[in-house]
Structure formats: C-alpha cells, structure tokens
Amino acid sequence: MRKTLAVYQKELKHFFYSPIAYIVIAAFAVITGIFFYLYLSSFVEAAFMDMIRSQQFRTPPQKFNINLQLIRPYFWNLALISLFVLPLVTMRLFSEEKRSGTVELLYTTPLTTSNIVLGKFVAGLTFYMVMLLPTVFYLSLLFIYGNPEFWPVFSGYLGLVLLGSAFVGGGLFISSLTENQIIAAIGGFGLALVLWVIGWAANFSGPGLSAVLNYLSVINHFEDFAQGVIDSQHVIFYLLLTTFGIYLTYRSVESIKWRA
Amino acid sequence: MIEVKNLTRYYGDKMAIKDVSFAVQKGEVLGLLGPNGAGKTTTMRILTCYMPPTSGEARVAGYDIWEQPLEVKKRLGYLPENPPLYNDLRVSEYLEFVARVKEVPSNRIKSAINSAVQKAGLEEVYRQVIGSLSKGFKQRVGLAQALLNEPEVLILDEPTVGLDPRQIIEIRELIKSLGGEHTIILSTHILPEVEMTCGRVVIINRGEVVAEDTPEGLTRRLKGTERLIVEMDGDGGAAEQVLQKFPEIASVQKEAQQNGRMRFTIEVTSDIRRDLARAIVDQGLGLYELRTESYSLEEIFLHLTTKEEVA
C-alpha cells in the first residue's frame, strides 16, 4: 500500500510538472465550456421563444425540464470529449518509463507488479477527475440560477468516472505495450473508439451477435447514468471493463518474466 | 553472497550468455570485464531479477532469483548502464520516491537520503531538477539511488562511463570505499579500472566466461603480450638479419614504408628494447621509431581464449 502510494504520488508529479497536463486540462475546460454555453443558450432561447409564444397565443407555457433538455445531452457530450482526451492522459504512463529506461528501476526494486499498475491507474483516474472539475463549476451555475434536480447530476458524474476508469484501464494497457507515446495515444484512442461504436455494428448483425455487441458498447451503458438512473448492471459493466484493462496491463508487465 | 551457476540467456535464438558461473564472497568487489556486447549487462539484469535466465540458477544474498525475487530486490542496489532517472523530478523528490519504493522505514528515510547524498557528493544539486544536471551528476544521482537502502549487494553497470577523468577517479574511490561493507559487482570494459577497484575479475567474451582471476594474476598472464613497433632503414636483408639475432622475438610482421624504411611489428617474450636499439645502431642502420604497443581489449580476449584452449 505504501509503495503503491509512492508510485501514485510520483505519477501525479509527472502529470503536474509537465506542460502537456495543463494544455490538456485547459483544452478540456475550453471545449466543454463552449459546449456548455451552446447548450445553455439554445435551452434559454427555446424557453424564451416558448414564453413569447404563450403570451401571443394566450396558451399555457410548455414545461421545460433543464435536467432532460440540458444536463442529459451535456453529459453525453462530456463522455464523447473524454473519449478524445483520455488517451492523451494515459499515453505516457508506461511508454515513457520504457523509453527512458526507468522501468529498470521499477522492476528491480521491491515493487510488485500490482504496486506499479495500480499506482499508475489511480493516478490516471485522478488526473481525469481533476479535468472534470471545471465542468462541475459550469453545472453549479445552473444550481445557482435555476433549480435542476441534484441526483441526475450526481449519477452523470458517477457514470463519467466509471466510463473514464474503463478508458484509463484500456489506455494503460496500450501504453504498456509500446515505448512510443504517440502510438500509445493513437492505440488508446482506437481502442476507446472501437468500444464506443461497436454498438452500431449490432444493427447490421444477427440477433445473437447483436446482443453481445450491444452489451460491449461502452456508450449504451452510459445512457442510464446521464438520465439519472444508477443501475448496478451498468456499474458492474464498467467495473468489469476496468478490471479487465488492469488485468491485461498486469499480464503485459509480467510478460517480461516469461518471455525468456 | 552471490552464486551464479550455468546462467544461459537467449534473446530469441540469439545467445547472449552461455553457462556463466562465478561466485562472489561477502565484502568482495568483483569486476565483470568484457568488450561491449559480451553479456555483462545481461548477466547483471538477470542477477537483479529484471529478466529471467533461459536456464541456470543464481542466488543473491542467500535468496534464489527465481523463487524469491522480492527478497533479492530488497537487498539490492542497482545502477543500470543508463541511470534510471526521472528528468522532471528534483533530486530530492527522486531520492524520496526511491527510498519509499525500497521500503526504507519512514522515520529513516531522511537519514538514508542524507547519507546517500553525502556519499555520492550531491549536496550542491540536491534541490535541482534532474533534467538540468550534467552527465556526471546524473550518474551520481543514479549511484545515490542504488545506495539508499544500504544494500548488501551493489550491482553497478559501467559506473564510470561518460564521466570526465576527475569524476572517474572520484567514483572509483567511492566504489573502493564501499567494498568491505557491501558486496559489489561492477562491469566495465576498461582494463585499468578493474585493476584499481576490484579484488577479483571475471572476464566475459561473447557470452562466456573466459577467465577468472585477481587483477595481479591477470596482469601476470598478460605479460609478454606487448608488441614492439620498430621503424628503421631496411635495405633488404640487413634489417631482418639484426632481428634474427634475438631469440626473444616470437614473431615478426613487416611492412614497407616510403623512402626505403621498414616497419616491423614484433611480438616479444621479454623487454629487449635496449639491446635491440643498440644492435640496430651498431649495424649502421637508422632507427626512427621504437615503442611498445599494448593490445586492445579485443586482442587480449582473443589471446586469453586461445591460450586457454592450448592449456
């Protein structure tokens, strides 16, 4: 545990000592901020137009649900942007150590493979959560100036963190396969994209296969979280995917021992 | 302290080391000497549990590298050929990380870092970012890292490579002073380095142990492996006649130079420079150059291997 913590803190230092981290955080904040502004202004405009219309035609105004019409699509949007950004977070985790030869330090100290893999995984996930912080600020504006429901926001973030941990696990695995950060980033992105679009393929395949593909599609499981429903089935799906990614990383790191 | 038995390692079907065996006693400084690509790094990587051998076994500090790698690693300090440093961390942060990872108890981390910093002479750069340090300091940070857990066994892969002459002397002094307290294996391809620091030498060439000896024994064995280079007037037979008078000459290679001079490369069994010079001058021939030339490391290995086969 102590050693895992040491690895974790070291990884966080790597993140926050590097300019790339701040560029990633800033880019994520700006992009999600722009989308927030667009969603919000179109929501406000729709509500405003409806108010004018109801006054003109003396009809009762429609019900506008901010959770349904703003927060839900915004979480979908955050999930999509995460898909693009997370490979940049995970790319360096192992490949940089392989390139610079510091793996030789990690593998010859009393660190176990789990110490290394878990420390790195949690550090990646922590960084992702830091990245999400600006969006908490955006959404809190809604709570200040309006009265959205709280629990769908909570479940949305839970979904994002679970989705993120699955992507971090997969990205970590890809990073452990190569010493080239670019390859790790592209590979991680490709993997995330495949898991994302695999559901589309379900539309064109037989009934048996389509059920499997639908289940594997990471985004299908996100839907309920965005709507404010925490279903254990989806929680388990993401946890399984994360565990699988960590397990593969573990095997990939251990593989140096049986490649004799 | 360290026992190595018949270690063999293949990379794919390329053999890196074959049947390497040696033993190191507690407190001894053992030099692994060999040309580049001889298998020194591979041997060290196996001993540090970085990679497993294809076959053979080894025990470090009483623990088998295959059965109890964690116990081995706890008692080990390892400086790889390229010091494994994080360029974005400060020296202090880096050493703290390594100390924690090496299971130094938290109340002793500070004193462990202090003593390692002192031994490696890092006081002035302690707060600096590693990436901004010179090669020499980086090497020393690597060394400090290896010393942090006060290891029973120190394994140093070419610890003086890339340093300037003054730093090389400092590091050698340091290694010498660490012997006795720690058991040390160091690798090098520099012959004099072994003489200065090691109590015993294992010579590896092309993945196999060629010889194992004390530095003195090694020097003794290499005696008579010097060559003489002689350049003189050589009008046909006169020069060769002079050389034929000396029974100490084992073999002669001649090479015609411009302006009628001859250059001879002579293998001798004892130092005959004085007599040879006189003989040449007495003969009335001009002597332009007379010097000894040491064999390169590669040639020494060749020499040793062929000699071993004869014996």
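What you see is a predicted model; the values in this text were computed from it and never measured.

### Notes on the domain arrangement of chain B
And step 1. Taken as a whole, chain B is organised into domain 1 (2-221) and domain 2 (226-293).
And step 2. Of note, the centres of domain 1 of chain B and domain 2 of chain B, computed from C-alpha atoms alone, are 46 Å apart.

### Section: the sheet that holds strand β6 (residues 76-79) of chain B
Residue and element names in this part refer to chain B.
And step 1. Within the open sheet, the six strands sit side by side as β6-β7-β8-β3-β9-β10. Their pairing is mixed. The sheet is open, and its two borders are formed by β6 and β10 (208-213), each paired with just one other strand. Ignoring strand direction, the axes of neighbouring strands in this sheet form an average angle of 15°.
And step 2. Pairing geometry for strand β3 (residues 29-33) and strand β8 (residues 183-188), over five bridges, is parallel.

### Describing the packing of helix α5 (residues 135-147) of chain B against helix α6 (residues 165-178) of chain B
Residues and elements named next belong to chain B.
And step 1. As a packed pair, α5 and α6 sit with axes 11 Å apart at the nearest point and diverge in direction by 10°. In terms of orientation, α5 lies roughly parallel with respect to α6. Contacts between α5 and α6 involve Gly136, Arg140, Leu143 and Leu147 on the former and, on the latter, Gln167, Glu170, Ile171, Leu174 and Leu178.
And step 2. Class assignment of the residues belonging to the contact of α5 with α6 gives a composition of five nonpolar, two polar and two charged.

### What to know about the confidence of the model for chain B
And step 1. Taken over all residues, the pLDDT of chain B has a mean of 84, while the share at 70 or more is 91%.
And step 2. Mean pLDDT values for the elements of chain B range from 57 in helix α11 (residues 297-310) of chain B up to 94 in helix α3 (residues 91-101) of chain B.

### Re the pairing of strand β2 (residues 14-24) of chain B
Look at any regular strand and the pattern is simple: side chains alternate between the two faces of the sheet.
All names here are of chain B.
And step 1. Pairing between strand β1 (residues 2-11) and β2: seven bridges, direction antiparallel. In the strand pairing of β2, Leu7 is matched with Val20.
And step 2. Taken together, β1 and the strand that follows it, β2, pair antiparallel across an intervening segment of two residues, in which Gly12 is found at a positive phi of about 65°.

Definitions and limits used
Residues numbered from 1 in each chain as written. Chains lettered and ligands numbered in written order. Predicted model: local features only at pLDDT ≥ 70, side-chain atom pairs only at ≥ 80, totals over all residues. Heavy atoms only, no water. Domains from an automatic or database assignment. Pairing = 2+ DSSP bridges. Helix = DSSP H or I, 4+ residues; strand = E, 2+ residues; numbered from the N terminus. Axes fitted to C-alpha atoms, helices over the stretch in contact; angles between N-to-C directions. Parallel < 35°, antiparallel > 145°, perpendicular 65-115°, else oblique. Contact = heavy atoms within 4.5 Å. Nonpolar A, V, L, I, M, F, W, Y, C, P; charged D, E, K, R; others polar. pLDDT = per-residue confidence, 0-100.

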